[in-house]
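Report on the structure
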Amino acid sequence: MVRYTNKVVHLQDNELAILTRDGFSISTAQAKPIQRSMEIVEWRVEDADLDGFPHYMLKEIFEQPETIRNAIRGRLLMGEGVPKLGGIMPVWDRLKECHHMVLVACGTSYYAAYVGRYVFEKLTEIDVEVELASEFRYRKLNFPPNTFVIALSQSGETADTLAAIREAKRKGASLLGIVNVVGSSISRETEAGVYNHAGPEIGVASTKTFTSQLTILTLLALLLGRHQKLSLTEGMEVIKALQALPEQVQSILAQAHHIEAVAEKYYKCNNWLFLGRKYNFPIALEGALKLKEISYIHAEGYAAGEMKHGPIALINPGMPTVAIVPRDEMYEKMISNIQEIKSRRGPVIAIANEGDDKVRELVDDVIEIPSTLDFLIPILAVVPCQLLAYYCATLLNRDIDKPRNLAKSVTVE
Ligand code: M6R
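For the structure given in this document, a descriptive report is provided here. (Residues numbered from 1 in each chain as written. Predicted model: local features only at pLDDT ≥ 70, side-chain atom pairs only at ≥ 80, totals over all residues. Heavy atoms only, no water.)

1. A closer look at the overall build of the protein chain
A tally of helices and strands in the protein chain yields 14 helices and 17 strands. Relative to the 2.2 N^0.38 estimate, which gives 22 Å for 413 residues, the radius of gyration of the protein chain is 22 Å and therefore close to what a compact globule would have. Dimensions of the protein chain, computed from C-alpha atoms along their principal axes, come out at roughly 70 × 50 × 40 Å. Per-residue burial over the protein chain gives 57% buried out of 413 residues. Total accessible area on the protein chain is roughly 18,100 Å²; 50% of this is exposed by carbon and sulfur atoms. Considering the protein chain, the positive charge centre built from 45 side chains and the negative charge centre built from 51 side chains are found 3 Å apart. (Helix = DSSP H or I, 4+ residues; strand = E, 2+ residues; numbered from the N terminus. Rg over C-alpha atoms; globule rule 2.2 N^0.38 Å. Buried < 20%, exposed > 50% of the residue type's maximum accessible area, 1.4 Å probe, protein only. Areas by Shrake-Rupley, 256 points an atom, 1.4 Å probe, with all protein chains shown as cover. Lys, Arg positive; Asp, Glu negative; His and termini not counted. Charge placed at Lys NZ, Arg CZ, Asp CG, Glu CD.)

Here it is, written out as structure tokens:
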């Protein structure tokens, strides 16, 4: 739409608009007139162009250094070791006293929420639950006083996520949104929130909004953590690491040709396994989702510790495993998972830190990522997964930006 106009008027449910050459009028279904002002959408026409890329998905993967920069731009106060999030100020007095939070979302946004729970546990003293929005209504969740429910959604229109926040409101929770589309239903129905400012995401497979969601969740956790247990030095360390992310993502993108070569080796395999632990367990889930949704290859994401409880039975020379094995506190455990796979002659593609010779000797292929704080690794580790999925799907001649049976916004429950 930005090709034609950047002026938007939002309609609520049960409202009617009459548009003429000279203007517009809005009324309720019962013909009661409504005054509504116009808003300006900040997206540009160039944001919705392919800009020389063969697909929107690839363009959006390559935009990530910029979209991460946009997520932190103007939001970091280095001297105070604390972020500044204007959008949550209306609820700040309540939020800073909050000890219970529920993160709700669907699909890729849910996996971002899943990483978010680990990050909140690391940086704050808040009890955090994470719920699939589509299951939220079936749970009998206990909302202690001053519970915040945070909805994560790229589109801001996902029906299940909307239904979940309506249910949470009914139960007395305060609502926050982490949303990309300004003025969308979720942004309107939450009390406050943080926008991604990632620009339009057109490819059906979410990529840049995922890393943007992870960045914003870290900002929020850091802000709350600094009011709880984190020192100034710790806050400054996180801010420094956040500022380094765009360059680090760029360095991963520079390996696109290598990742394409890895995809060429394995794209004919019909079953893949993705493994990670702790912060990178949700990245294993997201890596598998990316691969299946655009290439139609069957892939499973697992917490690596669960492998011996079932999926190990599948390992064979025709089934590649993508193992996320950064040099973090989970390193040795991931190494032993890889050894278990190799002893069953399963091919392993490792996403590992730069210069990790131990991993290199053990596995078939390595995609290197730079080092950062443990809880920021998901922002880097997901990028090779996105590119692997993209190149496998391209080699299989799939419809990358519009995969079969999928819609960009799922507006039915
Ligand atoms: O717009 P939302 O973030 O609420 O969408 C949620 C899911 O529908 C979405 O992430 C979906 O899983 C994507 N196709 C994943 O790439």
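On we go from here.
2. Quick notes on the side chain of S174
Position of S174 relative to the elements: it lies in strand 11 (residues 174-179). The class of S174 is buried, set by a relative accessible area of 7%. A distance of 2.7 Å separates a polar atom in the side chain of S174 from a polar atom in the side chain of R94. Once residues lying within four places of it in the same chain are set aside, the contact partners of S174 are R94, T147, F148, V149 and E191. (Polar contact = N/O pair within 3.5 Å; in protein donor to acceptor, adjacent residues only side chain to side chain. Contact = heavy atoms within 4.5 Å.)

3. Concerning the nonpolar core
Counting residues in hydrophobic clusters, the biggest one holds 101 residues, and the most contacted among them are L95, M101 and W272. The biggest single contributor to this core is helix 14 (residues 377-395), with 14 residues. Here this core spans two domains, since at least three of its residues come from each of domain 2 (45-250) and domain 3 (255-395). (Core = buried A, V, L, I, M, F, W, Y, C linked by side-chain atoms within 4.5 Å. Domains from an automatic or database assignment.)

4. Quick notes on the layout of surface pockets
When its volume is computed, the second largest pocket comes out at roughly 540 Å³. Lining the second largest pocket are 23 residues, with C106, G107, T108, K408 and V410 positioned closest to its centre. Counting only elements with at least two residues in the lining of the second largest pocket, the list comes to helix 4 (107-123), strand 10 (147-153), helix 6 (159-170) and helix 11 (281-295). Counted by class, the lining of the second largest pocket contains 9 nonpolar, 10 polar and 4 charged residues. (1 Å grid on protein atoms, 1.4 Å probe; cavity = no way out; pocket = protein on both sides within 12 Å on 5 of 7 lines; lining within 4 Å. Points joined across faces, edges and corners; volume = space filled by probe spheres on them. Nonpolar A, V, L, I, M, F, W, Y, C, P; charged D, E, K, R; others polar.)

5. Brief notes about the pattern of salt bridges
Tallied over the full model, the rule gives 24 salt bridges. Across the salt bridge formed by E247 and R69, the nearest N and O atoms sit 3.9 Å from each other. In this pair, E247 sits in helix 9 (residues 232-253) while R69 sits in helix 2 (residues 64-72), placing the two residues 178 residues apart along the sequence. Owing to a relative accessible area of 54%, E247 belongs among the exposed residues under this scheme. Each of E66, R69, R73 and E247 takes part in one network of salt bridges that share partners. (Salt bridge = Lys/Arg side-chain N within 4 Å of Asp/Glu carboxyl O.)

6. Some thoughts on empty space enclosed by the protein
In total, this model carries 1 cavity of 30 Å³ or more according to the counting rule given. Its volume calculated, the largest cavity comes out at about 50 Å³. What lines the largest cavity is simply F136, R137, R139, L141, F143, E167 and K171.

7. Considerations on the pairing of strand 9 (residues 127-132)
Bridge analysis of strand 8 (residues 100-105) against strand 9 gives 6 bridges, and the strand direction is parallel. Across the sheet, residue V102 finds its bridge partner in strand 9, namely E129. You can see the chain leave strand 8, run along helix 4 and come back into strand 9, and the turn it takes is right-handed. (Pairing = 2+ DSSP bridges. Right-handed = clockwise from strand over helix to strand, strands pointing away.)

8. Quick look at the environment of M38
Position of M38 among the secondary structure elements: in the loop between strand 4 (33-34) and strand 5 (39-40). Overall, M38 belongs to the partly exposed group, its relative accessible area being 44%. Measuring from C-alpha to C-alpha, the distance between M38 and L406 comes to 32 Å, with 368 residues separating the pair along the chain. Not counting residues within four places of it along the chain, the set of residues in contact with M38 comprises K7, V8, V9 and F24.

9. Focus: the pairing of strand 8
Counted residue by residue, strand 8 has 6 buried out of 6 residues, so it is predominantly covered. What you see with strand 8 is no split at all: H100, V102 and V104 on one side and M101, L103 and A105 on the other are buried throughout. The sheet contact formed by strand 8 and strand 10 spans 5 bridges and is parallel. Residue pairing across strands places V102 opposite V149, the latter belonging to strand 10.

Spatial relationships are all this shows, so hold off on functional conclusions.
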